[in-house]
Protein chains: 2
Amino acid sequence: MLDPVEFKDWQIAEEAEKSMLSPEQWRDKLGLTNEELIPYGKTPKLDFIKIMDRLKDRPNGKFIEVTAITPTPLGEGKSTTSLGLIEGLGKRGMNVGGCLRQPSGGPTMNVKGTAAGGGNALLIPMTEFSLGLTGDINDIQNAHNLCMVALNARMQHEANYSDEELAKRNLKRLDIDPKRVEMGWVMDFAAQGLRNIIMGLGGKRDGFMMSSKFAITVSSELMAILAVATDLKDLRERISNMIVAYDKYGNYVTAGDLEVDGAMAAFMRNTINPTLCYTVEHQPVLVHAGPFANIAIGQSSIIGDRVGLKMFDYHVTESGFAADIGFEKFWNVKTRLSGLEANVSVLVATIRALKMHGGGPAVVPGRPIPEEYTKQNMALVEKGCENLLHHMKNIKKSGINPVVCINSFATDTKEEIALVKKIVEEAGGRCALSEHWKYGGDGALELADAVMDACKEPVDFKYLYPLDMPLRQRVDIIAREVYGADGVDWTPDAEAKAKAFEADPKFNDFQTMMVKSHLSLSHDPTLKGVPKNWRLPIRDVLVYGGAKFICPMAGGISMMPGTGSDPGFRRIDVDVNTGKVSGLF
Amino acid sequence: MLDPVEFKDWQIAEEAEKSMLSPEQWRDKLGLTNEELIPYGKTPKLDFIKIMDRLKDRPNGKFIEVTAITPTPLGEGKSTTSLGLIEGLGKRGMNVGGCLRQPSGGPTMNVKGTAAGGGNALLIPMTEFSLGLTGDINDIQNAHNLCMVALNARMQHEANYSDEELAKRNLKRLDIDPKRVEMGWVMDFAAQGLRNIIMGLGGKRDGFMMSSKFAITVSSELMAILAVATDLKDLRERISNMIVAYDKYGNYVTAGDLEVDGAMAAFMRNTINPTLCYTVEHQPVLVHAGPFANIAIGQSSIIGDRVGLKMFDYHVTESGFAADIGFEKFWNVKTRLSGLEANVSVLVATIRALKMHGGGPAVVPGRPIPEEYTKQNMALVEKGCENLLHHMKNIKKSGINPVVCINSFATDTKEEIALVKKIVEEAGGRCALSEHWKYGGDGALELADAVMDACKEPVDFKYLYPLDMPLRQRVDIIAREVYGADGVDWTPDAEAKAKAFEADPKFNDFQTMMVKSHLSLSHDPTLKGVPKNWRLPIRDVLVYGGAKFICPMAGGISMMPGTGSDPGFRRIDVDVNTGKVSGLF
């Protein structure tokens, strides 16, 4: 085992990849048939329809969700903890696996790096995982951009041709309002220069001139759809219903109206099969979908969980952002769509984040960490536990059993860790320290044991709200019960939209997808701990017709991150003799 | 065998794909080892380094290039003939294979359709072939666009930061001239609305504002490089040297200067391995690279030919456009870079195209074909053979043996075919009728026999010009000897550029890549037959620093086609129960 203090993640991955398993070995290890494993270079896909069909009568395994307290801007290691827990359960001899989101090329090439975990809780093959896997993001990008090609070309041809000319091609005028084109283009990099563009400059045959935008591919509605679709039929239907624009009379124009939905689905045909990756300790991890945590569920797919729960006795999955966003969507949206109730939620905390909530100075990416975070400070830790307890209480409201995991840092002191454990246990929770980053599965045994113990407890699962509750009431409950707000303030525009959605039966089965900062329980990222005496402002409401999401906006979101001045791509290279990639992080 | 008069190509493919070969079957059929065949879903890749290493001492097979007379705008079936020839040689019991270009999503989703051949000379798996294969085009697109992200972000940061701030990040100011950014973005669809854009609108952090453009991905310099690179090392070096812009002092700025070349190569690492497809009669066809025929070689890769010539006794490849462009580049560029001299060039002609050259009315895509083309007309055919004989004479200048192939149409008469054969044979050439579209390999036996016969003849290969000949003199020879021009007229700007290239030793080993209409031997697409008394105008000279191409421009080129008013994507769909795609053509 390499020491992650000395070695970079890509070096640890390279070492582990010297003993990769062949598809045949995976077939035997997981009890799959040849037809269920689709080799794709170094990373096979799993044929989910075939596996589900064979295992349909097998009882589901235990279902463990991993979430986190409100993080610092550096993140507190949910993916690393998920992988560490899988390794720890593996060390205990369990049949364990999980499903994680796939990373986006934007962060991977920029300053955040890939999302393969870290240290000895790392996913391999790391290069394939980090650079597009078996092509799902590319497939989404192609399907999405083909829709935009269809949209803009249609606007051009409608501008240039008479109704008679259109009729010859069996086309009816859609009369798209150029000021109400909702959809933009996608590219899976942090391309801030494409956030706002003017397109269609030139002559009559150079497209329709309009303002447009690029978002990062993983924010595409198609990615949101992939994460919640139950099968290819569901995916196909949702694609048809994607709203791309409004016509001049205010009606929706969909991908189906553009007659491009079938071709989009053709590009997406392979995306329904999860890809099989594994930890450096050879524990299986499905990788499937990677949607945003604001306008989408921020979790790997329902398909991935369905397959994983059939294949594994313990199936681990992760929610994006902190528990007020990630867990809340897991609880009230993903579970409602999948019917799969979790046994345990692991709430990841770090001494660093607790100190921040206790009043520590701001943690700023790229700047040295203040010394409050590297020296023992019991008062900051104690005060900061308020945030942890708030999230723990929320998990308990769902009926799912929480297990707090302290993701260990070298600078944590024994006294600080003991204090957190004491506070959690006094509040009726389980708490485990985990050192998976440094020691892999051997470092995660305490966590694994606590999770197995918690899995023995019954779950009295209940939703926070019924789906037939009107939209504004749902938002009010989420704001009060989950975020701790005193209520919700709607702008007149947002309220008018909400009323229209409430009145239109088309939206009866649409899910509520809250958009809010993950850096605070409130909408204001500077408010740490458990903010009091505040109201949640809703400024706008977005709708995704294919994903069937209604997104109340308690803050702005950037759908296209920016590439920084010292991006990670500067350090990435390939060995021209072996094809091996170095510098991923 | 399905009758292509009654069944669409995708239906013929679907029928043939009921008996697809497994990777293991291909391994045994082609005598490969397990390690040399990399399964990728339905279409395995071949590990070219491993195969070349094992077969390095095996003599090369016979090398057959397929080109065409000046076509109508509908195309005269080079890919179909290439596949038919492979099937015909297979029916004669030969160990035969080939290498073809991969198609682009632009034409596939638009009006031209995929490039899988047609009828019973068709490539499978057709869906995978048509929709991105094993991801090469996606890899190129990602690598290319990452370079543009790096470029625009660098311009933003240089505008926002002082030299001192840049130095903290170990960056030296590149001072890119925003008016001299050479590179644009790429997308593999016919997205005319992205031909001309303004990007970087917004604030200081929303990129650098500039005019920009999107080209279709297959026109990327990276695709041009993939087609001529000999291995990953060569590919890596060429990427570094790609010219993305000029600085404010007129110096080149390269991908290497942006420090993004390593990450680009990482995205391209898998593209060096050709993908194994096959005809509906189970004859192997490598698919590798798909560069433009104007600013690039318009042919599948050198890597593909190197592997194919080792694996097969007869290896067939195709050149894009007509012989004045495609064959000329095969002859003077691809062969010079690869050292692989062809034995035979098959010159594809149709009675339709011959009639057009003989003075028939214009052939316009999407309009009914005039009756001159569907009824016997000996005079038009006879006159039109001038164009055919001109191309045949050019092939003979290289020392390669020509074989004329009449690609059969149902409306051709016996008398018309006999006339063409008589004219070709009187000029000392071989001529074969081929009916592969309708009958597969059984319809291509006459062609296969003629090719095998021609392969027995010696080849006295010679280039048209030596590489140390100055640029303008090279262009003059190509214009006079290949096109039949009386000379070349340079605009003052173009001539100044040419002089600068001639004077700079950096360009000594750059290849000449002519850009000219393929619809005429001249630069004027309306001039059919063999135009007389004309001079070739060169308006500009482009340079590709990584591909090492100098492109004299005898005409405009569109790097981004447009999506028409009745595009093919309207008819494409997927079966949600089986995942099978219908409607590709």
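Residues numbered from 1 in each chain as written. Chains lettered and ligands numbered in written order. Predicted model: local features only at pLDDT ≥ 70, side-chain atom pairs only at ≥ 80, totals over all residues. Heavy atoms only, no water.

### Digging into the overall build of chain A
The criterion, for reference: Counting from the N terminus, the helices are DSSP H or I runs at least four residues long and the strands are E runs at least two residues long. Throughout, the radius of gyration refers to the C-alpha atoms, and the reference size of a globule is 2.2 Å times the residue count to the power 0.38. Exposure categories follow from relative accessible area, calculated using a 1.4 Å probe and restricted to protein chains: below 20% of the type maximum is buried, above 50% is exposed, and the middle band is partly exposed. By the convention used here, residues are in contact when the closest approach between their heavy atoms is within 4.5 Å. The accessible surface values rely on the Shrake-Rupley method and a 1.4 Å probe; as for residues, cover is taken only from the protein chains in view. A positive count includes Lys and Arg, and a negative count includes Asp and Glu. His and the chain ends are not counted in either. The location of each charge is read from NZ of Lys, CZ of Arg, CG of Asp or CD of Glu.
Each helix and strand in chain A was counted, giving 20 helices and 26 strands. The C-alpha radius of gyration of chain A comes to 24 Å, within 12% of the 25 Å expected for a compact globule of 585 residues. When its C-alpha atoms are laid out on the principal axes, chain A stretches across 80 × 60 × 50 Å. Looking at chain A residue by residue over its 585 residues, the buried ones come to 63%. Long-range contacts, defined here as pairs at least 24 residues apart, represent 74% of the contacts in chain A between residues at least 6 apart. Surface summary for chain A: the accessible area is close to 20,400 Å², and the carbon and sulfur share equals 49%. Within chain A, the 74 negative side-chain charges are centred at a point lying 2 Å from the centre of the 67 positive side-chain charges.

### Thoughts on the UniProt feature "binding site: ATP" (unreviewed entry) in chain A
Residues and elements named next belong to chain A. To keep it simple, the criterion reads: UniProt positions are given in the numbering used here, feature names are shortened, and annotations may be inferred rather than shown by experiment.
Under the present numbering, the feature "binding site: ATP" (unreviewed entry) in UniProt falls on Thr72, Pro73, Leu74, Gly75, Glu76, Gly77, Lys78 and Ser79. If you trace the backbone, Thr72 turns up in the loop between β3 (62–68) and α4 (78–91). We classify Thr72 as buried; its relative accessible area is 1%. Looking at the secondary structure, you find Ser79 in helix α4.

### Concerning the sheet that holds strand β7 (residues 176–181) of chain A
Residues and elements named next belong to chain A. Rule in force here: When DSSP finds two or more bridges between two strands, those strands count as paired. Fitted lines through C-alpha atoms give the axes, limited to the stretch in contact for helices. The angle between two N-to-C directions lies from 0 to 180 degrees.
Spatially, three strands are ordered β7-β12-β13 in an open sheet, and the strand pairing comes out antiparallel. The two strands at the open ends of the sheet, each matched to only one other strand, are β7 and β13 (252–254). Strand-to-strand twist of the sheet, defined as the mean angle between neighbouring strand axes without regard to direction, takes the value 50°. Here two bridges tie β7 to strand β12 (residues 243–247), and the two strands are oriented antiparallel to one another. Within β12, the position partnered with Ile176 by the bridge is Asp247.

### Overview of the interface of chain A and chain B
Defined as follows: Summed over both partners, buried area is the accessible surface (1.4 Å probe) that two parts give up on being assembled. Whenever Lys or Arg places a side-chain nitrogen within 4 Å of a carboxyl oxygen from Asp or Glu, that contact is recorded as a salt bridge. In protein, a polar contact requires one atom able to donate a hydrogen and another able to accept it; more generally it is a pair of N or O atoms within 3.5 Å, and residues adjacent in sequence count only if both atoms are side-chain atoms. Basically, the charged four are Asp, Glu, Lys and Arg, the nonpolar ten are Ala, Val, Leu, Ile, Met, Phe, Trp, Tyr, Cys and Pro, and anything else, Gly included, counts as polar.
Listed by partner, the interface residues are 68 residues for chain A and 68 residues for chain B. Summing both sides of the interface, chain A and chain B together bury roughly 5,800 Å²; the carbon and sulfur share of this comes to 63%. Connecting chain A to chain B are eight salt bridges. For the salt bridge of Arg236 of chain A with Asp573 of chain B, the shortest nitrogen-to-oxygen distance reads 2.8 Å. Inspection of the region where chain A meets chain B yields 35 residue pairs in polar contact (both at pLDDT 80 or more). Within the residue set of the side of chain A that touches chain B, elements represented by two or more residues are α6 (126–130), α7 (136–160), β8 (185–187), β9 (197–199), α10 (232–240), α11 (261–268) and β25 (573–574) of chain A. Top contributing element to the side of chain A that touches chain B by residue count: α7 of chain A, with 11 residues. Considered class by class, the residues forming the side of chain A that touches chain B number 34 nonpolar, 21 polar and 13 charged.

### Regarding the relation of the copies chain A and chain B
In plain terms, the rule: When the copies are superposed, the least-squares fit takes in the C-alpha atoms of residues with a pLDDT of at least 70 in both.
Least-squares fitting of chain A to chain B yields an RMSD of 0.0 Å, with the transformation described by 0.0 Å of translation along the axis and a rotation of 180°. Such values leave the two copies arranged in the relation of a two-fold axis. Proximity to the rotation axis, assessed at the C-alpha, singles out Tyr40 of chain A in chain A; its C-alpha lies 2.0 Å from the axis. A high fraction, 100%, of the interface residues of chain A reappear at the interface in chain B, so the copies pair face to face through one surface.

### Some points on the pattern of salt bridges
Throughout the structure, instances matching the rule amount to 86 salt bridges over all chains. Salt bridges sharing partners connect three or more residues here, namely Glu259 of chain A together with Asp566, Arg570 and Arg571 of chain B.

### A few points about the sheet that holds strand β13 (residues 252–254) of chain B
Residue and element names in this part refer to chain B. Taken together, three strands build an open sheet; the order of strands is β7-β12-β13 and the sheet is antiparallel. With partners counted over all chains shown, the strands left at the sheet margins are β7 (176–181) and β13, one partner each. Averaged over all adjacent pairs, the angle separating strand axes in this sheet is 50°, with direction ignored. Lying on the sheet, helix α7 (residues 136–160) is in contact with β7 and β12 (243–247); it crosses β7 at an angle near 130°.

### Digging into the packing of aromatic side chains
Quick note on the threshold: Here is the rule: rings of Phe, Tyr and Trp (six-membered ring for Trp) pair when centre to centre is within 6.5 Å. Planes less than 30 degrees apart are stacked, more than 60 are edge-to-face, and the remainder are tilted.
Considering all chains together, one arrives at 24 aromatic pairs over all chains under this definition. For the pair Trp185 of chain B and Phe214 of chain B, a centre-to-centre distance of 6.1 Å together with 20° between the ring planes defines the contact as stacked. Remark: Phe214 of chain B occurs in strand β11 (residues 214–216) and Trp185 of chain B occurs in strand β8 (residues 185–187); sequence separation between them is 29 residues. Judged by centre distance (6.4 Å) and plane angle (75°), the ring pair of Tyr252 of chain B and Phe507 of chain B falls under edge-to-face. A residue pair is termed long-range when its members are at least 10 positions apart, and Tyr252 of chain B in strand β13 and Phe507 of chain B in the loop between α20 (492–503) and β21 (511–512) qualify at 255 residues. Through pairs of rings, three or more aromatic residues link up here, namely Tyr246, Tyr252, Phe501, Phe507 and Phe510 of chain A.

### Focus on the packing of α7 of chain A against α7 of chain B
Filter applied, for reference: By the definition adopted for this analysis, an angle is roughly parallel if under 35 degrees, roughly antiparallel if over 145, roughly perpendicular if from 65 to 115, and oblique otherwise.
Two numbers describe how α7 of chain A lies on α7 of chain B: the axes approach to 11 Å, and their chain directions differ by 85°. Our classification of the angle between α7 of chain A and α7 of chain B gives roughly perpendicular. Each of Asn138, Gln141 and Asn142 of chain A in α7 of chain A lies in contact with α7 of chain B, whose residues at this interface are Asn138, Gln141 and Asn142 of chain B. Of the residues belonging to the contact of α7 of chain A with α7 of chain B, the class tally is no nonpolar, six polar and no charged.

### Details of the domain arrangement of chain A
Residues and elements named next belong to chain A. Just so we agree on the cut-off: Domain segmentation is taken from an automatic or database assignment of domains.
Domain annotation of chain A identifies domain 1 (9–135 + 271–455), domain 2 (136–267) and domain 3 (471–553). Domain 2 and domain 3 are separated by 27 Å when their C-alpha centres are compared. Contact with domain 2, which involves 10 residues of that partner, is made by 10 residues of domain 3. Surface buried jointly by domain 2 and domain 3 totals about 740 Å² across both partners, of which 63% is contributed by carbon and sulfur atoms. In terms of surface lost to domain 3, no three residues of domain 2 exceed Glu221, Arg238 and Tyr252, which account for 52% of the buried area on that side. In this assembly, domain 2 and domain 3 are joined by zero salt bridges.

### Re unusual backbone geometry
Residues and elements named next belong to chain A. Of note, the bond from Ile124 into Pro125 is cis; its omega dihedral lies within 30 degrees of zero at -5°. Residue placement: Pro125 occurs in the loop between β6 (121–124) and α6. Backbone geometry places Lys548, a non-glycine residue, at a positive phi of 65°. As for its placement among the helices and strands, Lys548 is situated in the loop between β23 (540–544) and β24 (549–553).

### Remarks on the pairing of β3 of chain A
Residue and element names in this part refer to chain A. Across the seven residues that make up β3, a large majority, six, are buried. Pairing of β3 with strand β16 (residues 314–318), which is carried by five bridges, proceeds in the parallel orientation. Bridge pairing links Val66 to Glu318 in β16. Direction of pairing for β3 relative to strand β17 (residues 344–349): parallel, over a ladder of five bridges. Paired with Ala68 across the bridge in β17 is Val348.

### Focus on the environment of Pro561 of chain B
Residue and element names in this part refer to chain B. Considering the arrangement of structural elements, one finds Pro561 in the loop between β24 (549–553) and β25 (573–574). Residue Pro561 is classed as partly exposed on the basis of its relative accessible area, which comes to 30%. When the C-alpha positions of Pro561 and Ala190 are compared, they lie 4.8 Å apart, and in sequence the two are 371 residues distant.

### Brief notes about helix α12 (residues 302–311) of chain A
All names here are of chain A. Counting buried positions along α12 yields nine of 10 residues, so the element is predominantly enclosed. Those residues of α12 that fall on the buried side of the exposure criterion are Ile302, Ile303, Gly304, Asp305, Val307, Gly308, Leu309, Lys310 and Met311. Capping the start of α12 is the job of one residue whose side-chain oxygen sits 3.4 Å from the backbone nitrogen of Ile303: Ser301.

### Some details on the environment of Gly105 of chain A
All names here are of chain A. Tracing the backbone shows Gly105 in helix α5 (residues 105–109). Under the relative-accessibility criterion, Gly105 is labelled buried at 10%. Residues Gly105 and Leu131 lie 26 residues apart in sequence; the distance between their C-alpha atoms is 6.7 Å. Aside from chain neighbours lying at most four places away, what touches Gly105 is Asp188 and Phe189.

### Some thoughts on the side chain of Glu416 of chain A
In this fold, Glu416 of chain A is placed in helix α16 (residues 414–426). Setting aside anything within four residues of it in sequence, one finds Glu416 of chain A in contact with Ile351, Lys355, Lys375, Gln376, Asn377, Met378, Val381 and Thr411 of chain A.

### A short note on the side chain of Ser212 of chain B
Residues and elements named next belong to chain B. Counting through the fold element by element, Ser212 comes out in strand β10 (residues 210–212). What makes Ser212 buried here is its relative accessible area of 11%. Within the local environment of Ser212, its side chain forms a polar contact with the side chain of Trp185, the two groups lying 3.3 Å apart. Once residues lying within four places of it in the same chain are set aside, the contact partners of Ser212 are Met148, Gly184, Trp185, Arg195, Asn196, Ile197 and Met199.

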